[in-house]
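# Structure assessment
The chain contents come next:
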Amino acid sequence: MSDVHMLLDDPALTRRSPGEEFALAHARHGPGARVELRASISDLFPPAKRRPRFTVRHLLRKAVVDADETVVFTERAENTKPDDAAPEWEFEVGAATVRTQTVSASVPVPAEILADPAALAAFVDYRLLVRLGTAENDVLLNGNGPIRGLLRTPGLRHRPSAPEDRGSAARALLATAALCEWYGGSADGIVLHPDDWWPLVEDGAFLERLAAQGVKVSRTRMVPPGTALVGDFTAAATLLDRRSSVIRLDGGALVAEIREGLAVHLPGHFVLAALPGRA
């Protein structure tokens, strides 16, 4: 069979991994095998089970949708005054239609791997899925298609490095978290470049204190080094998840695809901060 389409009914993938599902299909049907999964496979990178690492997806509230267009609420703060005690009382409330898009990643696969089902399953789970997670981080932060990334969202606020930071990235992050509350938010997520995340490990207590306050920290190369995106990710944005993933072969490459959208309800709850004191 040259064009095989499989739709599997194990949404949580409790019986087999994405790689095992594809390896089974490939063993049965060869290079035309195509597996559809009712799951978001970017959540299923195996090493994440033993070394937890938040992606941008993990910071966002999620809503499962069954259509490619969804109407969502929006609130904007253009008319607030600097001395308002509660600026959110003056927000302009409206609605917007958000469209989903396909996020994809690919990796060349050697013929020797395709010939070995066990090796093929591991290759999908450990090499293809990690590339998909990187692609998803990039789209959610920098996308300019149907998904407009958080760093490109109109209304995103900015905080330059300030004298009170006194060369400390930790102080800058805490001050930025406080700024998120000016519009009624409560910072629960931070996105950092690895160059800025790892120095914070030197003072492990700082990251632990953030976690104790319910703040998740994601590190990714898709945010510029020397900056941090701080926000109320739970209240301000929603990942619209079609729960639809595809794994397929395209010539000599494996391709993984997921379909999702991003609704930003409260752009003012996100602040991009400049970090001081980088080596």
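Refer to the structure presented above.
Residues numbered from 1 in each chain as written. Predicted model: local features only at pLDDT ≥ 70, side-chain atom pairs only at ≥ 80, totals over all residues. Heavy atoms only, no water.

### Some points on the overall build of the protein
- A count of helices and strands for the protein gives 8 helices and 13 strands.
- Relative to its full complement of 279 residues, the protein shows a buried share of 51%.
- By sequence separation, contacts in the protein at least 24 residues apart represent 78% of the contacts at least 6 residues apart.
- With an accessible surface of roughly 13500 Å², the protein has 52% of that area assigned to carbon and sulfur atoms. (Helix = DSSP H or I, 4+ residues; strand = E, 2+ residues; numbered from the N terminus. Buried < 20%, exposed > 50% of the residue type's maximum accessible area, 1.4 Å probe, protein only. Contact = heavy atoms within 4.5 Å. Areas by Shrake-Rupley, 256 points an atom, 1.4 Å probe, with all protein chains shown as cover.)

### Focus on the packing of aromatic side chains
- Applying the stated rule across the entire model yields 2 aromatic pairs.
- Note on Trp197 and Trp198: the rings are 4.6 Å apart at their centroids and 90 degrees apart in plane angle, and the pair reads as edge-to-face.
- On the basis of an interplanar angle of 85 degrees and a centroid distance of 5.0 Å, the ring pair of Phe233 and Phe270 is categorised as edge-to-face. With Phe233 in helix α8 (residues 233-236) and Phe270 in strand β13 (residues 270-274), the pair connects residues that are 37 residues apart, well separated along the chain.
- With a relative accessible area of 0%, Phe233 lands in the buried category.
- When the ring centre of Trp197 is taken as reference, the NZ or CZ atom of Arg219 above it lies at 4.2 Å. (Phe/Tyr/Trp six-rings, centres within 6.5 Å; stacked < 30°, edge-to-face > 60°. Lys NZ or Arg CZ within 6 Å of the ring centre and 35° of its normal.)

### Points about helix α4 (residues 117-142)
- Between its terminal C-alpha atoms α4 stretches 36 Å, which fits the 38 Å expected from 26 residues at 1.5 Å a residue.
- Remark: the principal bend of α4, roughly 30 degrees, maps to Val124.
- Sitting at the head of α4, Asp116 places a side-chain oxygen 3.1 Å from the backbone nitrogen of Ala118. (Expected span 1.5 Å × (residues − 1). Bend = angle between axes of the 7 residues up to and from the residue. Polar contact = N/O pair within 3.5 Å; in protein donor to acceptor, adjacent residues only side chain to side chain.)

### Section: the side chain of Arg219
- The topology assignment puts Arg219 in strand β9 (residues 216-219).
- Of the buried charged residues, Arg219 lacks a salt bridge, with Asp195 as the closest side chain of opposite charge at 9.6 Å. (Lys, Arg positive; Asp, Glu negative; His and termini not counted. Salt bridge = Lys/Arg side-chain N within 4 Å of Asp/Glu carboxyl O.)

### Observations concerning the environment of Asp203
- Along the chain, Asp203 turns up in the loop between α6 (194-201) and α7 (204-212).
- Counting along the chain gives 33 residues from Asp203 to Ala170, while the straight-line C-alpha distance between them is 9.6 Å.

### Re the packing of helix α1 (residues 18-29) against α4
- Packing of α1 against α4 brings their axes to within 8 Å, and their N-to-C directions diverge by 135 degrees. Between α1 and α4, the angle falls in the class oblique. Viewed along their axes, α1 and α4 form a crossing whose handedness is right-handed. Residues Pro18, Gly19, Glu20, Phe22, Ala23 and His26 of α1 touch α4, and the partners they reach there are Pro117, Leu120, Ala121, Val124, Asp125 and Leu129.
- For the contact of α1 with α4, the per-class residue count stands at 8 nonpolar, 2 polar and 2 charged. (Axes fitted to C-alpha atoms, helices over the stretch in contact; angles between N-to-C directions. Parallel < 35°, antiparallel > 145°, perpendicular 65-115°, else oblique. Left-handed = near helix turned anticlockwise from the far one by under 90°. Nonpolar A, V, L, I, M, F, W, Y, C, P; charged D, E, K, R; others polar.)

### Here's the deal with the nonpolar core
- Core analysis: the largest hydrophobic core is formed by 51 residues, its most contacted members being Leu229, Leu254 and Phe270.
- Considering every element that reaches this core, the biggest residue donor is α4, with 11 residues.
- With residues up to four places along the chain from it excluded, the contact list for Leu229 reads Leu141, Leu150, Leu151, Leu156, Gly189, Ile190, Val191, Phe270, Val271 and Leu272.
- Ala172, Leu192, Leu200 and Val215 belong to the second largest nonpolar core, which has 17 residues in total. (Core = buried A, V, L, I, M, F, W, Y, C linked by side-chain atoms within 4.5 Å.)

### Quick notes on the sheet that holds strand β7 (residues 157-159)
- Strand order in this open sheet of 5 strands is β7-β13-β10-β8-β9, and the pairing throughout is mixed. Pairing within the sheet leaves two strands with one partner each, and these edge strands are β7 and β9. Geometrically, the sheet is characterised by an average inter-axis angle of 20 degrees between neighbouring strands, direction not taken into account.
- Pairing of strand β10 (residues 227-231) with β13 involves 5 bridges; the strand directions are antiparallel. For Gly231, the partnering residue across the bridge sits in β13 and is Phe270. (Pairing = 2+ DSSP bridges.)

### Overview of the pattern of salt bridges
- By the definition in use, this model includes 12 salt bridges.
- The partner of Asp68 in a salt bridge is Arg259, and the shortest N-O contact between them spans 3.0 Å. Of this pair, Asp68 sits in the loop between β3 (61-64) and β4 (69-76) while Arg259 sits in strand β12 (residues 253-264), and the two are 191 residues apart along the sequence.
- Look at Arg259 and you get partly exposed, because its relative accessible area is 25%.
- Its salt-bridge partner being Asp241, residue Arg243 comes within 3.7 Å of it at the nearest N-O pair.
- By relative accessible area, which is 41% here, Arg243 ends up partly exposed.
- Asp241 gets classed as buried once you look at its relative accessible area, which sits at 2%.
- Through salt bridges with shared partners, a single network forms among Asp43, Arg57, Glu136, Asp241, Arg243 and Glu260.

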